[in-house]
Every structure is written in C-alpha cells, then in structure tokens.
Amino acid sequence: MKIDDIKRVLGDFTLFRELNDFELTKIANISIAREWKKHSHVFLQGDPLENVYFIFDGRIKIYKSDISGKEQIVAIAKKGEMFPHVGFFRKGDYPAYAEVLEPSTLIAVPISKFEKVLIENPELCIKVFKVLGEKIVDLQNRLEEQILNNTYEQIVKLLIRLAQKHGVEQANGTILLKSEFTNKDLANMIGTTRETISRTLTKMKKDELIEVDPEGNMILDITILMQELNLI
C-alpha cells in the first residue's frame, strides 16, 4: 500500500479526520500496511509494546489468557477501529492477545514515532484522549454489568451490545447478528460457561425474545430486549 493509499485510509478514521494533508502525511510516513491471514496473531500477550494498529479491513479478537489457558475476550475490533488503546502513553508489554478472525489489512503505527507526532500536534493529542475516554467508559459499563447484574442480565446486555456494534438492521427494524460468535465466544466475553450461554439462548428462543434463522444467525429486537431488562 502506497503512502497516498495509507493517507486515504487513515483519513477515514475519526482520530485523523480533521487533520490537514501535511499532518496526515506525517502519520502516513511512519505507518506500515500489512495483510494478515486468518487465525494468525498480530501480537501475543507479553510481547514488547511497539505498535498501534488501525483496521482497514477484517476483524480482530482481543483476548486475555490466564495460566490455565482460560480465555477472556476483551473486544472484537472491526474495520475503522484501532487497537490496543493502551498503546499510547504506556511502556511495557501488550496486555492481551490479538488474533485475526478473518483475512485482514492493518496499518501499523510505531508508538515511539507516533508520540513525537502527538507532541508536535496538540489537537491530535486531545483526540487521542477522547478515544481513550470512550474506551474507559465502555470498560466501566461492562465491569458494572458483571458486578450489578446476574448472568441472565449480562447475556441480554451482551446481545444488545453485539447487535449494536456488529449487527445489520433489517427492513422491519430488527437486527440480524450473523453466526460468527460461537457460544464459547459469548461465554468468554462475560466470564461464564458455554453451557450457561446455550441454556439461556434456548430459553430466550422459547420465550420468543430472539429468533434464529436456518443459517444460525440471530434476529434480535433491541426494544424487546431492553424491555426485558426494564431499561425502557
């Protein structure tokens, strides 16, 4: 990918959208575009923290793993998103794994060089803080869900969150959530078991809170799910 192509791609990210051509060129000049195969890892937990990645195409699973090998999914990042958010203003190692879920094109920005650009562009620095702030709020909300909600409520809120982020709105207002997340994935997102997810989804289908089409995709009505939680 040429410099002009990298500039065009980065210019679509919220973080860089208001930069002028000169400022964007500075970012593009230190960036490297690379394609990644499915199931490969962009980095491993504990690797030296060197780059921040911007997703041009594809999906990346960010997850942690404990000494017993148990997986905890932190996020599923997709086109238009960056990761890891802790990459800025932090030294040390990557705090999680980043696995490629489908063939992806990523733009890597070396942290050491990017920090110099931030120092030279205070407006960009403020934008970075805003992005980090949004991520912190999201993590706080998810932590509160685990503390204040029972497992059933956590699963319902997880489905709402996935539908809003990864779903496709249908003509009738429902959301189609493709069968790209296994029950194990869902369980790892909230720290429960695959069996619990399976039982809960079966109950929700029986109660007509969700539908599943012949391809295994979920059809969700966010309003109905929010009513189930007494949120509206």
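A brief look at the structure comes next.

Cut-offs used in this document
- Residues numbered from 1 in each chain as written.
- Predicted model: local features only at pLDDT ≥ 70, side-chain atom pairs only at ≥ 80, totals over all residues.
- Heavy atoms only, no water.
- Core = buried A, V, L, I, M, F, W, Y, C linked by side-chain atoms within 4.5 Å.
- Buried < 20%, exposed > 50% of the residue type's maximum accessible area, 1.4 Å probe, protein only.
- Contact = heavy atoms within 4.5 Å.
- Helix = DSSP H or I, 4+ residues; strand = E, 2+ residues; numbered from the N terminus.
- Salt bridge = Lys/Arg side-chain N within 4 Å of Asp/Glu carboxyl O.
- Phe/Tyr/Trp six-rings, centres within 6.5 Å; stacked < 30°, edge-to-face > 60°.
- Lys NZ or Arg CZ within 6 Å of the ring centre and 35° of its normal.
- Axes fitted to C-alpha atoms, helices over the stretch in contact; angles between N-to-C directions.
- Parallel < 35°, antiparallel > 145°, perpendicular 65-115°, else oblique.
- Nonpolar A, V, L, I, M, F, W, Y, C, P; charged D, E, K, R; others polar.
- Pairing = 2+ DSSP bridges.

### Focus on the nonpolar core
Grouped burial of nonpolar side chains is what soluble globular proteins tend to show.
Here comes step 1: One finds F16, V42, F54 and F83 to be the most contacted residues of the largest nonpolar core, which totals 40 residues.
Here comes step 2: Apart from residues lying up to four places away in sequence, F83 is in contact with V42, F43, V52, Y53, I55, I60, I62, A98 and L106.
Here comes step 3: Counting 28 residues, the second-largest nonpolar core is a separate cluster that includes I175, I197, M218 and I222.

### Quick word on helix α6 (residues 183-190)
Here comes step 1: Among the eight residues that make up α6, six are buried, leaving the element largely enclosed by the rest of the structure.
Here comes step 2: Within α6 the residues assigned to the buried category are D185, L186, A187, N188, M189 and I190.
Here comes step 3: Where α6 terminates, the next one or two residues include G191, which has phi positive at roughly 75°.

### Regarding the environment of P84
Here comes step 1: Checked against the element boundaries, P84 lands in the loop between β6 (82-83) and β7 (97-100).
Here comes step 2: Separated by 30 residues in sequence, P84 and F54 have C-alpha atoms that sit 9.3 Å apart.

### Some details on unusual backbone geometry
Here comes step 1: Backbone torsion omega between F83 and P84 reads -15°, so that peptide bond is classified as cis.
Here comes step 2: With phi around 75°, H39 is a residue other than glycine that occupies positive phi space.
Here comes step 3: Within the secondary structure layout, H39 lies in the loop between β1 (32-36) and β2 (41-43).
Here comes step 4: Relative accessible area serves as the criterion here: at 53%, H39 is assigned to the exposed category.
Here comes step 5: Of note in the backbone geometry, E208 takes a positive phi value of approximately 60° without being a glycine.

### Concerning the pattern of salt bridges
Here comes step 1: This structure, assessed with the given rule, holds nine salt bridges.
Here comes step 2: For the salt bridge of K203 with D207, the shortest nitrogen-to-oxygen distance reads 2.8 Å.
Here comes step 3: With a relative accessible area of 46%, K203 lands in the partly exposed category.
Here comes step 4: Residue classification places D207 among the partly exposed positions, given a relative accessible area of 40%.
Here comes step 5: A network of salt bridges, in which partner residues are shared, links R59, E102 and E180.

### Looking at the environment of H166
Here comes step 1: Note on placement: H166 falls in helix α5 (residues 151-166).
Here comes step 2: It is 27 Å that separates the C-alpha atoms of H166 and D66, two residues lying 100 residues apart in sequence.

### Some remarks on the packing of aromatic side chains
Here a ring pair, both rings aromatic, is described through the centre-centre distance and the interplanar angle of the planes.
Here comes step 1: Counted under the stated rule, the structure contains nine aromatic pairs.
Here comes step 2: The interplanar angle of 85° and the centroid separation of 6.2 Å between the aromatic rings of F16 and F114 together place this pair among those described as edge-to-face. Remark: F114 occurs in helix α3 (residues 111-120) and F16 occurs in the loop between α1 (3-11) and α2 (21-29); sequence separation between them is 98 residues.
Here comes step 3: By relative accessible area, which is 1% here, F114 ends up buried.
Here comes step 4: Considering the side-chain rings of W36 and Y53, the 6.5 Å spacing of their centres and the 85° angle between planes classify their relative orientation as edge-to-face. Placement of the pair is W36 in strand β1 and Y53 in strand β3 (residues 51-57), with a sequence separation of 17 residues. In this pair, the class of W36 matches that of Y53, namely buried.
Here comes step 5: A connected cluster of aromatic rings, assembled from ring pairs, spans W36, F43, Y53, F83 and Y94.
Here comes step 6: K79 extends its terminal NZ or CZ atom over the ring of F56, reaching a point 5.4 Å from the ring centre.

### Quick look at the packing of α6 against helix α7 (residues 194-206)
Here comes step 1: Across the interface, α6 lies against α7 with an axial gap of 8 Å and an inter-helix angle of 110°. Considering the angle they form, α6 stands roughly perpendicular to α7. Where α6 approaches α7, its residues N183, K184, L186, A187 and I190 are matched on the opposing element by R194, I197, S198 and L201.
Here comes step 2: Here the residues of the contact of α6 with α7 are counted per class, giving five nonpolar, two polar and two charged.

### Notes on the sheet that holds β6
Sheets are built from strands paired through backbone hydrogen bonds, the pairs being either parallel or antiparallel.
Here comes step 1: Strand order in this open sheet of four strands is β1-β8-β3-β6, and the pairing throughout is antiparallel. Looking at which strands have only one partner, the edges of the open sheet turn out to be β1 and β6.
Here comes step 2: Examined bridge by bridge, β3 and strand β8 (residues 104-110) share six bridges and lie antiparallel to one another. Looking at β8, one finds that F54 is bridged to I107.
Here comes step 3: In this fold α3 packs onto β3 and β8, with an angle of close to 65° to the strand it touches most, β8.

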